[in-house]
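Residue-level structure breakdown
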Amino acid sequence: MQALLVDLIRLRMPEGPAPMHRRLYECLRSAIQEGVLVADSLLPPSRVLASELGIARNTVLAAYRQLQLEAYVGSRQGIGTRVKQLAPERTARAIAFPSGTEPYKSDALSARGTQIVAMPRASATQWSAFMPGVPDVSRFPERLWTRLRNACWRSHRSEELCYGYGGLAQLRQALSLHLTATRSVNCTPEQVLVTDGAHQAIDLITRLLGDVGDIAWMENPGYWGARAILEANGIRQVPVEVDAHGMRCLEPAAGEAPRFLFVTPSHQYPLGSVMPVQRRQELLALAHRHGSWVIEDDYDGEFRFSGNPVPAMQGLAAGSRVIYVGTFSKTLYPGLRMAYMVVPLELVASFRAAHAELYREGRLMTQATLAQFIAQGHFASHIRAMRTLYAQRREMLAHLIERRLGRDWMVRGEDEAGLHLVMRFPIPLQDTVVAREALARGIHVKALSTYFAPGTTAQQGLVLGYACVQEADMVTKFEALLSALRATDRTT
Ligand SMILES: Cc1ncc(COP(=O)(O)O)c(C=O)c1O
């Protein structure tokens, strides 16, 4: 780093008649103001910098002293001179991140770009109590993973450092066995395609099978991420009501047949219902009649805490119109950015080719490690351990809600699954205001109303992730949430 900093100073040093210490001061000040040197960066020791630049050490010390005087840097014996955190008004390049729900605006954006950022839902903070959909990443077996990864590196082939093409064979094999055995998916390893997250899988499906103006039926409420991807690809979305059995099955009007049906049948997102077999068959029959594709998002199907696992819809449909999508974001950790899809045999070649054309697959060594992780049984035991843990955390949160607020704040039922639960408001409260109040108290909750398509009648409540909240923190974090609810109640 230090050598790079010296090069940077050489490159940015202004010319001119001003004395050297002044020019060095200006060079560093502008780098700090522009955010090129970020808070906590360590400046080179004065003796080193003086010798590298061929100037006197006192010249460097004079520049550092001035920066310190103006509070751009701080200096302490034995620690060196470090850049300080600047107040936003002192930086030349403050980035405006609108908070809440107001849209991003920039004349530079295309019409599509404007649409993509019009209603941003993804949160920059993820590791926080009650963030929905975030697993307990602190339980990821890092040592074991490192051992497997090192073993893979010791015996790797050169191809594994090149681009991939649809996924490493060992990973596709391991996944196909896992999906057949645990999710009742009907597939061979050839049908499995590895992607950088479910988002990429949904993007690929949409682009490859849909044209601008095609219709997608979307669960309402439903997953905002999928909505954003379809919208960016010019797909017209029809919000379809979710009842106790998941997405309702209606007969489309003439000329309005959907090209896609986007469903989360094993655990409706976010309300939690399981789609019974009759509804699944109705939707599959509709897909066959109209030539629609069912996108089955099985995002957390591994985490069912009572009763038998709910089999995937894909397994029901021989000669299928279903494309199954699963992800390691919930079972391992989201930053892994690894997911998979199962496509009908006749589409495999096109999907692999399009995947390579659009995204250029990589990280085959990570795929190799993951294949070993699954094949040696570690994936199954990690899921088992997390299932027990999340069931306990869910119970803890549900109990707190019932004891501190009342039974009518939470519907207990078949939704004994997943990484989140839904809190209802039996009194008039605006959920977006509660979410804002919660954020002011350091907790992240999502307003249920934001999962509904714009222009439709939204229910009020909160989607609360419990998987990422340690038992020791649950009560204090819940107290903070109660305080947010009280504050909202007072202002309503
Ligand atoms: C319902 C649902 N589907 C898909 C995903 C995205 O998965 P990935 O991280 O693999 O893109 C999420 C992530 O939160 C989700 O909640």
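The model shown is predicted, which means the values in this text are computed figures rather than measured ones.

Things to note about unusual backbone geometry
Glycine aside, negative phi is the norm for most residues, and most peptide bonds take the trans geometry. Asn220 connects to Pro221 through a cis peptide bond whose omega is 10 degrees. Within the fold, Pro221 resides in the loop between β4 (215-220) and α9 (224-232). Even without a glycine there, the phi angle at Arg360 is positive, about 50 degrees. With respect to the secondary-structure elements, Arg360 resides in the loop between α11 (348-359) and α12 (364-375). Of the residues examined, Arg360 reaches a relative accessible area of 43% and is grouped as partly exposed.

Digging into the domain arrangement of the protein chain
Domain boundaries assigned for the protein chain yield domain 1 (2-94), domain 2 (140-377) and domain 3 (381-491). Each of domain 1 and domain 3 has a C-alpha centre, and the two are 47 Å apart.

Topic: the sheet that holds strand β5 (residues 236-243)
In spatial order, the strands read β3-β10-β9-β8-β7-β4-β5-β6; together these 8 strands make up an open sheet with mixed pairing. Unpaired on one side and paired on the other, β3 (192-195) and β6 (246-247) mark the two borders of the sheet. Across 4 bridges, the pairing between strand β7 (residues 260-263) and strand β8 (residues 293-297) is parallel. When the bridges of β8 are listed, Phe260 appears paired with Trp293. Along the sheet face, helix α7 (residues 169-183) touches β3, β9 (322-327) and β10 (339-342) and points at about 110 degrees away from the line of β3.

Details of the environment of Glu437
Secondary-structure assignment places Glu437 in helix α14 (residues 431-440). Judged by its relative accessible area of 23%, Glu437 falls in the partly exposed class. Through-space distance from the C-alpha of Glu437 to that of Ala484 is 5.0 Å; in sequence the pair is 47 residues apart. Only 2.8 Å separates the side chain of Glu437 from the side chain of Arg441, close enough to count as a polar contact.

Some thoughts on α14
Listed in full, the buried residues belonging to α14 are Asp431, Val433, Val434, Ala435 and Ala438. Packed against the buried residues of α14 are β12 (446-447), β13 (461-465) and α15 (471-491). Backbone geometry just after α14 places Gly442 at a positive phi near 85 degrees.

Considerations on helix α8 (residues 198-209)
Its 12 residues give α8 an end-to-end C-alpha distance of 16 Å, which sits within 8% of 16 Å, the value for a rise of 1.5 Å per residue. Most of α8 sits inside the fold, with 9 of its 12 residues counted as buried. All of the buried residues in α8 are Ala198, Gln200, Ala201, Ile202, Asp203, Leu204, Ile205, Thr206 and Leu209.

Things to note about the site of the ligand
Close to the ligand lie Gly197, Ala198, His199, Tyr223, Tyr269, Asp297, Tyr299, Thr327, Ser329, Lys330 and Arg337, which account for all nearby residues. Backbone polar atom of Ala198 to an oxygen atom of the ligand: 2.7 Å apart, as the coordinates give it. Measuring from an oxygen atom of the ligand, one finds a side-chain N or O atom of Ser329 at 2.7 Å. Contact with the protein chains covers 91% of the free accessible surface of the ligand, which is 390 Å². The residue inventory of the shell around the ligand, partitioned by class, reads 4 nonpolar, 4 polar and 3 charged.

A short note on the sheet that holds strand β11 (residues 420-424)
Ordered by their spatial adjacency, 3 strands build an open sheet running β11-β13-β12, and the pairing between neighbours is antiparallel. Of all the strands in the sheet, just β11 and β12 have a single pairing partner and so form its edges. Contacting β11 and β13, helix α13 (residues 378-404) runs over the sheet at an angle of about 10 degrees to β11.

Brief notes about the pattern of salt bridges
Side chains bearing opposite charge may pair, as long as their charged atoms lie close to each other. Scanning all chains against the criterion turns up 18 salt bridges. A salt bridge links Glu26 to Arg22, with the shortest nitrogen-to-oxygen separation between them at 3.5 Å. In this pair, Glu26 and Arg22 are both assigned in helix α2 (residues 20-33), 4 residues apart and thus about one turn of the helix distant. What makes Glu26 partly exposed here is its relative accessible area of 30%. Exposure remark for Arg22: the relative accessible area of 33% places this residue in the partly exposed category.

Topic: the pairing of strand β2 (residues 80-83)
Burial of β2 is one-sided: the residues Thr81 and Val83 facing one way are buried, the residues Gly80 and Arg82 facing the other way are not. Of the pairings in the sheet, the one linking strand β1 (residues 73-76) to β2 comprises 4 bridges and is antiparallel in character. Bridged to Gly74 within β2 is Arg82. The antiparallel pairing of β1 with β2 creates a hairpin that spans 3 residues between the two strands, and Gly78 there sits at a positive phi of about 85 degrees.

Reading the values: the criteria
Residues numbered from 1 in each chain as written. Predicted model: local features only at pLDDT ≥ 70, side-chain atom pairs only at ≥ 80, totals over all residues. Heavy atoms only, no water. Helix = DSSP H or I, 4+ residues; strand = E, 2+ residues; numbered from the N terminus. Buried < 20%, exposed > 50% of the residue type's maximum accessible area, 1.4 Å probe, protein only. Domains from an automatic or database assignment. Pairing = 2+ DSSP bridges. Contact = heavy atoms within 4.5 Å. Axes fitted to C-alpha atoms, helices over the stretch in contact; angles between N-to-C directions. Polar contact = N/O pair within 3.5 Å; in protein donor to acceptor, adjacent residues only side chain to side chain. Expected span 1.5 Å × (residues − 1). Near = heavy atom within 4 Å. Areas by Shrake-Rupley, 256 points an atom, 1.4 Å probe, with all protein chains shown as cover. Nonpolar A, V, L, I, M, F, W, Y, C, P; charged D, E, K, R; others polar. Salt bridge = Lys/Arg side-chain N within 4 Å of Asp/Glu carboxyl O.

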